[in-house]
Amino acid sequence: MRRLLPSIVTLLMLTAVASHVQSRQAKITQPFASFWSQFKAALAKNDKEAVASMTKFPFYWGEELTRGEFIKKYTEIFDRKVQRCFAKAKPIKDRDSYSVFCGESIYVFEKVEGKYRFTAVGAND
C-alpha cells in the first residue's frame, strides 16, 4: 500500500491539472471563437495584411511597430515553427484575454474597443 500511495496521489494531481486546463479551454466565448477562426485562417494563408488588421498597434516587438513595420517583421513574429504551432493550438482563457503557447513564447489576444485583437508576444516562463 505504501508503494501505491505516491502513484495514486500523482494520478489525482494530474487529473486535477488536466481538468483545470480543459475547463479553461471550454470557456472560449463565441466572439473569440469567431476571431480565432479568422486569425488562424489568415496565418495559414500567410496573409500579412489580414493578420495586421487583427492586430493592435503600436505593436511591441523589441520596439513599438507601426502596421507597416509589423508587416515587414511578420516572418520574424510568425516563423514557420510558430505557424505550425498555431495550426494545432488551443487558446487558453485567462480572465479577459486568451493566450496561445508556442515553444518559448506566449501569444496574447485581448478585447480592444469591443473587438478581439492580437496584442502581444511574451516569454513563456
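Up top is the structure.
These numbers come from a predicted model, not from an experiment.

Conventions and cut-offs
Each chain has its residues counted from 1, following the order in which its sequence is written. Side-chain atom pairs in this predicted model are given and counted only at pLDDT of 80 or more, local residue features only at pLDDT of at least 70, and totals for whole chains, interfaces and linings cover all residues. No hydrogens and no water enter the side-chain calculation; it runs on all heavy atoms of the structure. Numbering of helices and strands runs from the N terminus, with a helix taken as a DSSP run of H or I at least four residues long and a strand as a DSSP run of E at least two residues long. Working definition: with a 1.4 Å probe on protein chains only, accessible area under 20% of the residue-type maximum means buried, over 50% means exposed, and in between means partly exposed. Only strands that DSSP links by at least two bridges are regarded as paired with each other. To estimate the expected span of a helix, subtract one from its residue number and multiply by 1.5 Å. Here the arc refers to the set of directions running from the helix axis out to each C-beta atom. Residue contacts follow a heavy-atom distance rule, with two residues in contact if any of their heavy atoms lie within 4.5 Å.

J.: Got a minute to help me understand unusual backbone geometry in this structure?
T.: What you tend to see is this: most non-glycine residues have negative phi, and most peptide bonds are trans. Looking along the chain, the bond that leaves phenylalanine 57 and enters proline 58 is cis, with omega of 0 degrees. Mapped onto the fold, proline 58 is located in the loop between helix H3 (48-53) and strand E1 (59-60). With phi around 55 degrees, arginine 95 is a residue other than glycine that occupies positive phi space. By the element assignment, arginine 95 lies in the loop between strand E3 (92-94) and strand E4 (97-102). With a phi angle near 50 degrees, glutamate 113 is a residue other than glycine that sits in the positive phi range. Within the element layout of this structure, glutamate 113 appears in the loop between strand E5 (105-112) and strand E6 (115-123). Owing to a relative accessible area of 82%, glutamate 113 belongs among the exposed residues under this scheme.

J.: Quick question: what am I supposed to make of the pairing of E5 here?
T.: Each regular strand carries side chains that alternate between the two faces of the sheet. Inspection of the sheet shows E4 paired to E5 by 6 bridges, in the antiparallel sense. Looking at E5, one finds that tyrosine 98 is bridged to phenylalanine 109. Two successive antiparallel strands, E4 and E5, enclose a turn made up of 2 residues, where glycine 103 displays a positive phi of approximately 60 degrees. Pairing of E5 with E6 involves 8 bridges; the strand directions are antiparallel. Among the inter-strand pairings, glutamate 110 is bridged to a residue of E6, identified as arginine 117. The loop that links E5 with its antiparallel partner E6 comprises 2 residues; one of these, glutamate 113, has a positive phi angle of about 50 degrees.

J.: Would you explain helix H2 (residues 30-44) in this entry?
T.: Counted at 1.5 Å a residue, the expected span for H2 with its 15 residues is 21 Å, and the 21 Å between its end C-alpha atoms agrees. Taken residue by residue, H2 has Phe32, Phe35, Trp36, Phe39, Ala42 and Leu43 as its buried positions. Looking straight down H2, one finds that the buried residues subtend no more than 130 degrees of arc, so they occupy a single side. Facing away from the buried side of H2 by over 90 degrees, the exposed positions are Gln30 and Ala44. Residues of H2 that are buried sit in contact with H3, helix H5 (74-77), helix H6 (80-88), E4, E5 and E6. Downstream of H2 by a residue or two, asparagine 46 has a phi angle that is positive, lying close to 60 degrees.

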